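# Summary of structural features
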Amino acid sequence: MSTPGFSSILKLTELDDFIAPSQECIKPAQPLKPTPQPSAAKVRIELEDVSIGGVVPQVPQKVEINLTDCLACSGCITSAESILISQQSPEELVRILEKNKNSKQAKVDNNFLAIVTLGTQAVISLARKYLVPPQEMAERLAARKYLVPPQEMAERLAGFFKDLGADKVITITLAEDLCLIESGKEFVEKLENINRDPTSLPIISGVCPGWVCYAEKLHPYAIKNISRVKSPQQIMGSLLKLVYGPRVNHSPDEIYHVSLMSCFDRKLEASRKDFILEEYRSKEVDSVITPLEIENLLESIGKHLLDYEPANLDNPFEFGNGSLGIGASIMSHLGSGSGGFAEYIFRIMSAKHGIQADVTWIVGRNPDISEAVIPTPTGDLKFSVATGFRNIQTIVRKLKTKMRANLPHYIEIMACPTGCLNGGAQLRSQDSEQGGRELSCDLEKMYHELPAEILQDNPFVEQIYNLLGNPDGKLYNDVLYTDFHAIEKSNLGIKW
Amino acid sequence: MLKLISNLNNHKGKVWSVAWNPTGASFASCGEDKAVNIYQKEGSSNTDNEITEDTRWTLAKKIGTNHERTIRDVAWSPCGKYIAVASFDATISIWEKNKSNEYECVTTVEGHENEVKSVSWSPSGQYFASCSRDKNVMIWSMSADGEYDIECESVHSAHTQDVKRVVWHPTEDILLSASYDDTIKVYRNDPNDGDWACTATLQGHESTVWSVDFDSTGSRIVSASDDRSIRIWTNSKDNENRWSCVSKLEGYHHRPVYDVSWSKTNGLIATACGDDHIRIFKEISAVNELERNVFDLAFTVKAHSSDVNRVQWNPKAEGILASCSDDGCVKIWKWIDV
């Protein structure tokens, strides 16, 4: 299985296990008894009946494979992977956006809203390639002459998507803020309860779908230590459909939510059962698109991103006097290029212990793992940022043994080495001489050149919390938390 | 000629691998019965350390491991203290001899998704490598400061199919892997990058490469393949990452060649074949540069009554060869130059 775009971890665990759990290859909700055929048994795959704008998407509903086809290949191609990708293909996205644009132009009231969320790492990847040659960019940045390129890229992307037919294009910062805040709360709570349940630590971030899928499939014992806070992508999805939607008289299936992200693993994440709003048969995130796909799409229509006029970024969470600033700019977070989860939690714990120091991350046994420590009267509080499969391997191993006592209290794990800036679907370097690690360094520099989000200054955060209501309530939990599920290995009983 | 010294029948079912202890004074074998047998020189007297054609070998220990499936490979650490055991149950176990002279399992390494096919320890002792049907080559390190802490140093999914064997360079931490995808890959540690990288892919075999080995200097590689040939490869002086095939030995083997071992003491190449034979190839002394890398078949013997799975030259005692087979036997041979 050599589909580009996924993290290397997912490529090794074989996608089909995530979406085709049953040997009958049929979604569990509607079991179909296979009718015995005289020749060969037939296997059918059915998709989730998900509707977008009241219309079930135009993808093959049923695919029939012969059993002989099944046994001949070593990776059930029709299950999961290609169906998933076809459901979330750029072609499908363009088709839906175009339909929306045509309806709106014809002044047909379709009560349909297409919203695109821009993932920061993906924007940076595109900015680096499309905007200016490296030397010129360095000069520009140094002179602060023009807008910081990623901001300009975000606005060009807004122009691009709106030209395709999107109604709004927003940044993801607000969702990232909520994700950080909840991660912090969760950690504080678990730490306080550590005496009652020592195995509740370490807490490992759950925002990387590559890591989550890998753990669910191969290391189910790690599941209880994964943070239940949803990723920013999914938080934004439920915010748009469950909080914003009602305010503008749109039910979830009348909102088409696209997110621009740095890897294909996010497509898998968007398709999780837990992220389908059952009542409305609508997904929190309908489609994920990536820099690689945008590049291909532009090539196929013979256009360049710079052909599109920049458009302002929207802020659907404008309340009261609708002040902008946040929501209209691409922003970074302090800490790692993936969103600074460990850094944020470190800072709040630091503050709790009255320590006012900057975080010093010390690189560990390889460049993809680092640690920071808060000395406290009751012992050191350890935090770690670990990326890449080899470090994940080491961590899950330790979790299983008595070595777990040596693990940090909070671990930010990302499947891709160096994190989301090096996601599986980010653009490759144009310079063939430049290695992956060098490119990651460049992207990280660009990321940290962005204005850093200061959570406390975000007025919308408080307002959203007011709207979410009671922390024990359904809305609060639907928007901010999720669960994980161990995946049963399908055992065909073959012995070698 | 190859003279049979010992015929050891202490396994039930196929014997998949034999591995010499770095001192050459003992070896381990493993197979379908999920046990690891440790053999020593018979009557190891303290005065006589030499291994000759008269040395006999006997079973010293049988380790009934807790592996749930066939044990496919076994490897000693260079210090001789540890044995790594690779199993089809997807795990690798590490064993150490304790004070009562019994082997005990100090840790189990999980990480591969399915059958582990081979395990091998690096010459520095710092790393060991494993490979599996999951197409991955994994490099591990073990810190033994009382805790047997295993760290995963690197994972490579460079091969597109089942990886059959991993073998290290004799003196440097350079790794080779052989695969069902017909290629051999080379891996080196790049300190600048903080990670290992696949630095070369050797293509040429027309089918699965079952095994590889380096010559004593590490400048040449011999490979054994399902295509019934063995090939010799060298790298260029100006680019150590560019390997080319300088010799193809075809027509000698009647079935897939499952293993190849290049003696570090006398330069002989031994092969293990699916036609039950062991063959010895000897290099012809070259008169000039162009005539290098020419090998002659020096000897062939029907060594077992079924597929020969492994041949391994003793690392210290010249001319001593161990072999094992599907026929359940482990045999020790002595090469006698006639």
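Just so it is clear, the model here is predicted, and its values are computed rather than measured.

Residues and elements named next belong to chain A. Taken as a whole, chain A is organised into domain 1 (86-173 + 231-331) and domain 2 (176-229 + 333-449). Once you take the C-alpha centre of each, domain 1 and domain 2 turn out to be 27 Å apart. Taken together, the 32 residues of domain 1 in the interface contact 31 residues of domain 2. Across the domain 1 to domain 2 interface the summed buried area is about 2700 Å²; carbon plus sulfur atoms make up 63%. On the domain 1 side of the interface with domain 2, the three residues burying the most area are Gln121, Ile124 and Arg128, jointly 23% of the side's total. Applying the counting rule to domain 1 against domain 2 returns two salt bridges. Where Arg128 meets Asp442, a salt bridge forms, and the shortest distance between an N and an O atom there is 2.6 Å. In this structure, the connection of domain 1 to domain 2 is made through 13 residue pairs in polar contact (both at pLDDT 80 or more). Ranked by residue count, the leading element in the side of domain 1 that touches domain 2 is helix H6 (residues 120-130), at ten residues.

In total, this model carries 44 salt bridges over all chains according to the counting rule given. Linking Lys217(A) and Glu113(B) is a salt bridge whose minimum nitrogen-to-oxygen distance equals 3.1 Å. Linking Lys217(A) in helix H10 (residues 209-218) with Glu113(B) in the loop between strand S9 (103-109) and strand S10 (116-121), this pair reaches from one chain into another. Comparing Lys217(A) with Glu113(B), the two get one shared label, buried. As a salt-bridge pair, Asp162(B) and Lys164(B) come within 2.9 Å of each other at their nearest N and O atoms. Residue Asp162(B) is classed as buried on the basis of its relative accessible area of 10%. Residues participating in the shared-partner salt-bridge network are Arg365(A), Lys398(A), Asp149(B) and Glu151(B).

Bringing the interface of chain B and chain A into the picture now. Counting residues at the interface gives 26 residues for chain B, matched by 21 residues for chain A. Between chain B and chain A, the buried area comes to about 2000 Å², and carbon and sulfur atoms account for 43% of it. Applying the counting criterion to the chain B and chain A interface returns six salt bridges. The interface formed by chain B and chain A includes eight residue pairs in polar contact (both at pLDDT 80 or more). For the side of chain B that touches chain A, the secondary structure elements donating two or more residues are S9, strand S12 (137-143) and strand S13 (149-156) of chain B. Per element, the largest residue contribution to the side of chain B that touches chain A is seven residues, and it comes from S13(B). Considering only residue class, the side of chain B that touches chain A consists of seven nonpolar, seven polar and twelve charged.

Calculation rules
Residues numbered from 1 in each chain as written. Chains lettered and ligands numbered in written order. Predicted model: local features only at pLDDT ≥ 70, side-chain atom pairs only at ≥ 80, totals over all residues. Heavy atoms only, no water. Domains from an automatic or database assignment. Contact = heavy atoms within 4.5 Å. Buried area = accessible area lost by both parts, 1.4 Å probe. Salt bridge = Lys/Arg side-chain N within 4 Å of Asp/Glu carboxyl O. Polar contact = N/O pair within 3.5 Å; in protein donor to acceptor, adjacent residues only side chain to side chain. Helix = DSSP H or I, 4+ residues; strand = E, 2+ residues; numbered from the N terminus. Buried < 20%, exposed > 50% of the residue type's maximum accessible area, 1.4 Å probe, protein only. Nonpolar A, V, L, I, M, F, W, Y, C, P; charged D, E, K, R; others polar.

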